[in-house]
Amino acid sequence: MSQSKPILSAAGMIRSRLSLVRRTRSGGEGPSRWTSDGTQERGNGYLFNRTPLLPGESRNWEDWELPCYITSFLTIVILGVGLNAKPDLTIETWAHQKALERLQAQEQQANQGE
């Protein structure tokens, strides 16, 4: 009977904490720290809430766009060249080369024996 008392008290503590978590998540007690009401009542139907430009008007780039595009392009080029130029170090390639060397050695021994 003495062993069941700590288990029952632990179960009660877990139950009370779970009910507290459920209460705060379903809550409604004040504003949430993860979401806010925002300033716009509903979406305007455009991508990223950007209204389309007038005909003949061009979009201005933001300060971060050019460095981001250049860095992304260079990363793709460097990875493409680097991954295509890397040496083939797989175990299958090594085993194939060793098998070819052994076959050549056997052929040389057979040619010397004749």
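All figures in this text were calculated on a predicted structure; none of them were measured in a lab. (Residues numbered from 1 in each chain as written. Predicted model: local features only at pLDDT ≥ 70, side-chain atom pairs only at ≥ 80, totals over all residues. Heavy atoms only, no water.)

What to know about the overall build of the protein
Put simply, the rule is: Strands are runs of DSSP state E lasting at least two residues, helices are runs of H or I lasting at least four, and both sets are numbered from the N terminus onward. Burial classes: relative accessible area under 20% of the type maximum marks a residue as buried, over 50% as exposed, and values in between as partly exposed (1.4 Å probe, protein chains only). Exposure was quantified through the Shrake-Rupley algorithm and a 1.4 Å probe, taking into account, for residues, occlusion by the shown protein chains and nothing else.
When you go through the protein residue by residue, the secondary structure sums to 3 helices and 0 strands. Its helices and strands taken in sequence order, the protein reads α-α-α from the N to the C terminus. The 114 residues of the protein split such that 1% are buried. Roughly 11,600 Å² of accessible area belongs to the protein as shown, and the carbon and sulfur atoms make up 59% of that amount.

Comments concerning the packing of aromatic side chains
The condition that has to hold: Pairing of aromatic rings covers Phe, Tyr and Trp, the last through its six-membered ring, and needs centres within 6.5 Å; plane angles under 30 degrees mean stacked, over 60 mean edge-to-face, and all others mean tilted.
Scanning all chains against the criterion turns up 1 aromatic pair. Here tryptophan 61 and tyrosine 69 contribute two aromatic rings whose centre-to-centre distance is 5.4 Å and whose plane-to-plane angle is 85°, an arrangement assigned as edge-to-face.

Topic: the confidence of the model for the protein
Convention followed: A residue's pLDDT is simply how confident the predictor is in it, with values from 0 to 100.
For the protein, per-residue confidence averages 83 on the pLDDT scale, and 81% of positions sit at 70 or higher. Taken element by element, the predicted model of the protein shows its lowest mean pLDDT in helix 1 (residues 4-26) (74) and its highest in helix 2 (residues 65-85) (96).

Focus: the pattern of salt bridges
The cut-off we apply is this: The working definition used for a salt bridge is a side-chain nitrogen of Lys or Arg within 4 Å of a carboxyl oxygen of Asp or Glu.
Under the defined criterion, the tally for this structure stands at 3 salt bridges. Arginine 50 is the salt-bridge partner of glutamate 62, the closest N and O atoms lying 3.4 Å from each other. With glutamate 62 in the loop between helix 1 and helix 2 and arginine 50 in the loop between helix 1 and helix 2, this residue pair connects regions lying 12 residues apart in the sequence. For arginine 50, a relative accessible area of 44% corresponds to the partly exposed category.

A few points about helix 3 (residues 91-113)
This is how the line gets drawn: To estimate the expected span of a helix, count its residues, drop one, and scale the result by 1.5 Å.
Taking 1.5 Å of rise per residue, 23 residues should cover 33 Å, and helix 3 covers 33 Å from first to last C-alpha, within 8% of that figure. Counting buried positions along helix 3 yields 0 of 23 residues, so the element is predominantly exposed.

Quick word on the side chain of glutamate 65
Inclusion rule: Every residue pair with non-hydrogen atoms within 4.5 Å of one another is taken to be in contact.
Tracing the chain through its elements places glutamate 65 in helix 2. When residues no more than four places from it in sequence are discounted, the contact partners of glutamate 65 are Arg59 and Asn60.

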